[in-house]
Structures are given as C-alpha cells and as structure tokens.
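Close look at the chain arrangement
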Amino acid sequence: MMEILPIEIIKDIISNFSCEIDKDIETFLKEKALLFQEKNKAKIYFILNESSIREYKFDILGYFALSTKILHLPEELSKSQRKKLDGLYNSISETPTFLIGQIGKNDKNKNNISGKDIINYAQQYLKSVSNMIGGRIILVELKNNQKLINFYINNGFSLLDNNTKNEEDLLQMIKIIV
C-alpha cells in the first residue's frame, strides 16, 4: 500500500493509529516506519478493516514490520542445537533470519483482530518469502515481559537462551519455518 498511495494519505492513515499498551509500537509506526520503508530497512504491512475499504476509508486493524537480521548464536548453544537451527552445519556462529520487528494492534479496533491473527499474517508472508528465496528462521526480539513471552510460545516460538546482551537488552525468540 505504501507504494500505491500518496505519502500524504499514508501519513493520514497512520495518524489514526494508537497503541496505549506499548507506546513504542505507536511511535515506530508514526515516526520511523516510513523512513524504514523508504530506505528499504523494513517493509511495513497494514491489516485493514475490509468494511471501511468499501467506504473508501483505510482503517488500520493492526500492522507488522518485516526485515532480516543476522542472529549471533550464543556460545553456550550445543552443536546439535546449532545444526537444528542451520539445517546443515553444527559449527555456525551466526545465521540469517527473518525478523518480525514490530507487531501492533490499533486500540480503536482492538476487538476486531487478535495478536494471533497478526502474527499469522506475518508468518504467512515470511513462509512465502522462504519458499521463494530460502531461509528458515523467524526471529522476534522482545522486552522481558512474561505475557509477551507466553504469547510467542503459544504461537510456536522458542526462547533462545542467550547470556550475551544485545544492543537493546531484548530477549530473542525463534521459530523454524516448516
């Protein structure tokens, strides 16, 4: 959609998004998403209310941001775990991943879509990309919040035990695409 609609309309659509539960989600969309899209650092996908489209309005239910990232594997990871992640080799120290960088629900429509729906949309896109170009791991990075951890576990992700701190001090969870 960002390639189809004029930037002014996109900015207007984004301005109606709010996420009180996590302001970082709202701030990213309103202040960084267009730049990330323009510089090809990430692609932003909106999930729109279909009934509002019929009225020529664009009402965001939720969104997600997709990118790639090199995952530096923790030293404590066993050779068998490394081979499971890579699919071939047990001596790797890093591996490319698909990153779900942001996922968020619009407060205005929070009862019209679930987090599970949004993560499923993101995973469908990534599975399609994986089928075209290869790639086998989806990565999410998150704050140490048990509710978030449980959400991702319930959606098939596993917590990566990592004693090495990343730049934002975030936990990393992964899912192997099958």
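A few points on the structure. Counting restarts for each chain, with residues numbered from 1 along the sequence as it is written. Under the rules for a predicted model, residues below a pLDDT of 70 receive no local features and side-chain atom pairs below 80 are neither given nor counted, while totals for whole chains, interfaces and linings still include all residues. Computation of side-chain values: all heavy atoms of the structure, hydrogens and water removed.

**A word on the packing of aromatic side chains**
Just so we agree on the cut-off: Ring pairs are drawn from Phe, Tyr and Trp, using the six-membered ring of Trp, whenever the two centres fall within 6.5 Å, and their geometry is named by plane angle: stacked under 30 degrees, edge-to-face over 60, tilted for the rest. Comment: elements are numbered from the N terminus, with helices defined as DSSP H or I runs of at least four residues and strands as E runs of at least two. Only protein chains enter the accessibility calculation, which uses a 1.4 Å probe. A residue is then buried if its area is under 20% of the maximum for its type, exposed if over 50%, and partly exposed in between.
In total, this model carries 7 aromatic pairs according to the counting rule given. Taking 5.4 Å as the distance between ring centres and 80° as the angle between the ring planes, the aromatic pair formed by Phe-17 and Tyr-63 counts as edge-to-face. Linking Phe-17 in the loop between helix 1 (7-15) and helix 2 (23-38) with Tyr-63 in strand 2 (residues 60-72), this pair joins segments that are 46 residues apart in sequence. Assigned by exposure class, Phe-17 and Tyr-63 land together as buried. Considering the side-chain rings of Phe-28 and Phe-36, the 5.2 Å spacing of their centres and the 80° angle between planes classify their relative orientation as edge-to-face. The class for Phe-36 is partly exposed, based on a relative accessible area of 30%.

**What about helix 1?**
Heads up, the rule is: Picture the helix axis, draw a direction to every C-beta atom, and the arc is the one those directions span. By the convention used here, residues are in contact when the closest approach between their heavy atoms is within 4.5 Å.
Turning to helix 1, its buried residues are Ile-10, Ile-13 and Ile-14. The buried side chains of helix 1 occupy one side of the element, clustering within an arc of 95° when seen end-on. Elements in contact with the buried residues of helix 1: helix 2, strand 1 (43-48) and strand 2.

**Points about the pattern of salt bridges**
To keep things clear, this is the line we draw: In what follows, salt bridge is the name for a side-chain nitrogen of Lys or Arg lying within 4 Å of a carboxyl oxygen of Asp or Glu.
Evaluation of the coordinates by the stated rule reveals 8 salt bridges. The salt bridge involving Lys-23 is made with Glu-20; its shortest N-O contact spans 3.1 Å. Lys-23 gets classed as partly exposed once you look at its relative accessible area, which sits at 39%. With relative accessibility at 55%, the residue Glu-20 sits in the exposed group. Its salt-bridge partner being Asp-22, residue Lys-143 comes within 3.6 Å of it at the nearest N-O pair. One end of the pair, Lys-143, is in the loop between strand 4 (137-142) and helix 6 (146-154); the other, Asp-22, is in the loop between helix 1 and helix 2, with 121 residues separating them in the sequence. Taking the relative accessible area as the measure of exposure, Lys-143 reaches 39% and is therefore partly exposed.

**Here's the deal with the nonpolar core**
Convention followed: We call a set of buried residues a nonpolar core when its members are Ala, Val, Leu, Ile, Met, Phe, Trp, Tyr or Cys and they connect through side-chain atoms within 4.5 Å of each other.
The biggest cluster of nonpolar side chains holds 20 residues, and the ones touching the most others in it are Phe-64, Ile-100, Ile-103, Val-140, Tyr-152, Phe-157 and Met-173. Residue assignment for this core shows that the elements contributing at least two residues are strand 2, strand 3 (94-105), helix 5 (115-133), strand 4 and helix 6. Ranked by residue count, the leading element in this core is helix 5, at 4 residues. The next biggest cluster of nonpolar side chains, apart from the first, holds 17 residues, and it includes Leu-5, Ile-25, Ala-42 and Ile-44.

These results come straight from atomic positions and should not be treated as a statement about function.
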